[in-house]
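A closer look at the structure
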Amino acid sequence: MNHKKFMQIALQLAQSGKGLTFPNPSVGAVLVRVHCHDTHIIASARTANAGRPHAETLCLQKTDNIDALCVLYVTLEPCAHQGETPPCVDAIIASHIKHVVIGVEDGDEKTRGKGAEALKKAGITVEYENLDGAINEFYKGYLRQRAGEKPFVAVKIAASLDGKIALHNGNSKWITGKLAREYGHLLRAHADCVLTGAGTILADNPRLNIRLNGFKTYQTMRVILTGARVLPDDANIFNADDGDVMIVADKNSVHFANYQRIANNAPQKMMVQEVGAQNEKINLPLLLQKLGQFGIADILLEAGSKLMTEFLTQNLVDRIYYFQNQQFLGADSQNAIGVLGLDKLSDAPQFHLHAEKQFLRDDDMVDKLLILDRVS
Ligand SMILES: NC(=O)c1ccc[n+]([C@@H]2O[C@H](COP(=O)([O-])OP(=O)(O)OC[C@H]3O[C@@H](n4cnc5c(N)ncnc54)[C@H](OP(=O)(O)O)[C@@H]3O)[C@@H](O)[C@H]2O)c1
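The structure reproduced in this document is the subject of the present report. If you're wondering where the values come from, they're calculated on a predicted model, not measured in any experiment. (Residues numbered from 1 in each chain as written. Predicted model: local features only at pLDDT ≥ 70, side-chain atom pairs only at ≥ 80, totals over all residues.)

**Focus on the overall build of the protein**
Along the backbone of the protein there are eleven helices and 18 strands. Dimensions of the protein, computed from C-alpha atoms along their principal axes, come out at roughly 70 × 45 × 40 Å. Each of the 376 residues in the protein was classed as buried or not, and the buried ones make up 42%. A fraction of 71% describes how many contacts in the protein between residues 6 or more apart in sequence connect residues 24 or more apart. (Helix = DSSP H or I, 4+ residues; strand = E, 2+ residues; numbered from the N terminus. Buried ≥ 20, exposed ≤ 12 C-beta atoms within 10 Å, placed from the backbone. Contact = placed C-beta atoms within 7 Å.)

Right, dumping it as structure tokens:
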């Protein structure tokens, strides 16, 4: 029985829902019937948008044709607790399936090990297939967040050949071409929130929403770190059609009450989150801890050099999506990364190449994307 083949399909289903199923992880489920040498898929599903129903339930609902010859492949251990929906293990046991292959044990203590145990107790054979670590990699942020560790922080940088992210006058539209920017929108969709700083809001007035076909009804929450300068009421980021916003501010900030007024009057879900600050800089480890408590597992940081530099120097960056165009912008332009104050090369934050992509532009230039992971 080729477990890898069917788990790979389940993983692809899970990948198609990444970010869209928040606050639940995206899970893929594939139901296969094995009869002599005839093995075929009879149903498949992923977790529904917004997290419910779960993939296993949806998959089992798709067919009446379930018997002891069926094998269920599921990327994450089925849940064993009563939440807003009944436990998935109950539905699996009731379906008469006798064999379940799980990608990875759930990180949530309500289910960790308990889902598999309940299945085994019911006489179901349980096996694991993690695709040589690919499933753990997919759930990296989720597993960490559920273990109470900091969420996974990915950084998106669009820069020139000489590492500049904007001209001296702030002009940065557009450093990369259309296809690279669309990929950037996909990264927003895959994240649980997009994090930015007041500097980017004031300089670019961005929406930081997802402008891709098929994403009209789904938007990722935007989180803005504020400091000494005030954000205007009519900033594009507050546009009601673009989804939820979290304004992060220090309670002692003179602007705190103003942000609360903006949030209270907003037609969409908007909140002001108080996180302590020093010298008008938000405490980043505390911020990540609070975001984790909100269920946020995967963060995409899209900010200017001030925040990038802070995240880097505090060793909070797990992955970098480095888009590079084919231009030089010169020393009078803005650096992607600010002063790190290094005396030794060996002290420099170091990342290794995870993957590489290229995007052809309308002007026949090519934007390169380096996906880099922190060397731990
Ligand atoms: N090409 C790209 O990939 C890209 C992406 C985004 C932005 N940009 C460019 O970046 C420029 C803006 O850069 P920026 O460095 O000024 O803005 P930023 O990094 O987006 O925001 C920095 C601001 O956030 C506030 N803040 C709160 N807590 C902080 C903390 N712990 N550490 C650092 N900042 C904190 C401060 O606001 P106060 O100053 O009010 O105290 C700070 O000035 C724009 O020109 C924009 O075009 C380029």
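**Looking at the site of the ligand**
Near the ligand, the surroundings consist of 30 residues, among which Gly-197, Gly-199, Gly-227, Gly-304 and Lys-306 are the closest. Where the shell around the ligand is concerned, the elements lending two or more residues are strand 6 (152–159), strand 7 (164–166), strand 8 (193–197), helix 8 (198–204), strand 13 (281–282) and helix 11 (305–313). Grouping the amino acids of the shell around the ligand by side-chain chemistry returns 13 nonpolar, ten polar and seven charged. (Near = placed C-beta within 6 Å. Nonpolar A, V, L, I, M, F, W, Y, C, P; charged D, E, K, R; others polar.)

**Looking at the pairing of strand 1 (residues 28–35)**
Pairing between strand 1 and strand 2 (residues 38–46): eight bridges, direction antiparallel. Among the inter-strand pairings, Leu-31 is bridged to a residue of strand 2, identified as Ala-43. Counting the residues between successive antiparallel strands, the hairpin from strand 1 to strand 2 contains two residues, one of them, Cys-36, with a positive phi of roughly 50 degrees. Across five bridges, the pairing between strand 1 and strand 3 (residues 70–76) is antiparallel. In the sheet register, Val-30 faces strand 3, and the bridge partner there is Tyr-73. (Pairing = 2+ DSSP bridges.)

**A word on the sheet that holds strand 1**
The strands that make up a sheet are held in pairs by hydrogen bonds between backbone atoms, and each pair lies either parallel or antiparallel. On the basis of which strands lie adjacent, the open sheet formed by five strands has the order 2-1-3-4-5 and mixed pairing. At either end of the open sheet lies a strand with only one pairing partner, and these are strand 2 and strand 5 (125–128). Strand after strand, the sheet turns through a mean of 20 degrees between neighbouring axes, direction not considered. Packing of helix 1 (residues 3–16) onto the sheet brings it into contact with strand 1, strand 2, strand 3, strand 4 (99–104) and strand 5, and relative to strand 1 it is tilted by some 155 degrees. (Axes fitted to C-alpha atoms, helices over the stretch in contact; angles between N-to-C directions.)

**Observations concerning the sheet that holds strand 11 (residues 270–274)**
On the basis of which strands lie adjacent, the open sheet formed by nine strands has the order 11-10-9-8-14-6-15-18-17 and mixed pairing. Every other strand in the sheet has two partners, leaving strand 11 and strand 17 (351–360) as the edge strands with one partner each. Taken over all neighbouring pairs, the strand axes of this sheet differ in orientation by 20 degrees on average, direction set aside. Relative to strand 9 (residues 221–225), strand 8 is paired through five bridges, and the arrangement is parallel. Looking at strand 9, one finds that Thr-196 is bridged to Ile-224.

**What about the environment of Leu-231?**
Position of Leu-231 among the secondary structure elements: in the loop between strand 9 and strand 10 (245–249). Taking the number of C-beta atoms within 10 Å as the measure of exposure, Leu-231 has 19 and is therefore partly exposed.

**Overview of the nonpolar core**
Counting residues in hydrophobic clusters, the biggest one holds 97 residues, and the most contacted among them are Ala-29, Tyr-73 and Ile-299. If you tally residues by element for this core, the top one is strand 6, at seven residues. If sequence neighbours within four positions are ignored, Ile-299 has contacts with Pro-151, Phe-152, Val-153, Ala-154, Ala-191, Asp-192, Cys-193, Leu-195 and Leu-291. (Core = buried A, V, L, I, M, F, W, Y, C linked by C-beta atoms within 7 Å.)

**Re the pairing of strand 18 (residues 366–374)**
Pairing analysis gives six bridges linking strand 15 (residues 319–324) to strand 18, with the strands arranged antiparallel. By the bridge assignment, Ile-320 is partnered in strand 18 with Leu-372. Two elements, strand 17 and strand 18, share nine bridges in a ladder whose sense is antiparallel. Among the inter-strand pairings, Lys-357 is bridged to a residue of strand 18, identified as Leu-369. Joining the antiparallel neighbours strand 17 and strand 18 is a turn of five residues, in which Asp-364 adopts a positive phi near 70 degrees.

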